Amino acid sequence: MSPLTREQALALASIERSTGQAPVLLPNLGGSLPNDVFARTLALPTVWVPHSYPACNQHAIDKHRLVPVLREAWPRAQASSG
């Protein structure tokens, strides 16, 4: 993976300060997010903060969310917005 941009490093540090846990950084993986519009067309730095865990089966027929993960997601969303 490429070196972190300033914005990525700030977002990761903010999430870690807010949650007390080091976030996992993954490359942008397709999906239904319009990242290209922001990153390429508008030339804006983008950071997407999903609220999930490895066994959730995102976008699968049997996807699910655990209440503790949802409770943890709220402060992460707040941290990433400010």
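Everything numeric in this text was worked out from a predicted model, so none of it was measured.

Moving on: the overall build of the protein. Broken down by element type, the protein carries 3 helices and 0 strands. Along the protein, helices and strands appear, N-terminal first, in the series α-α-α. Within the protein, the fraction of its 82 residues that count as buried is 13%. Long-range pairs, those at least 24 residues apart, make up 38% of the contacts in the protein between residues at least 6 apart in sequence.

The next thing to look at is helix α1 (residues 6–19). The end-to-end C-alpha separation of α1 is 20 Å, in line with the 20 Å expected for 14 residues at 1.5 Å each. Listed in full, the buried residues belonging to α1 are Ala11, Leu12, Ser14 and Ile15. In an axial view of α1, the angular spread of the buried residues amounts to 160°, which keeps them on one side of the axis. Opposite the packed face of α1, turned more than 90 degrees from it, sit the exposed residues Arg6 and Arg17. Positive backbone phi, approximately 75°, marks Gly20, located one or two places after α1.

The rules behind the values
Residues numbered from 1 in each chain as written. Predicted model: local features only at pLDDT ≥ 70, side-chain atom pairs only at ≥ 80, totals over all residues. Heavy atoms only, no water. Helix = DSSP H or I, 4+ residues; strand = E, 2+ residues; numbered from the N terminus. Buried < 20%, exposed > 50% of the residue type's maximum accessible area, 1.4 Å probe, protein only. Contact = heavy atoms within 4.5 Å. Expected span 1.5 Å × (residues − 1). Arc of directions from axis to C-beta.

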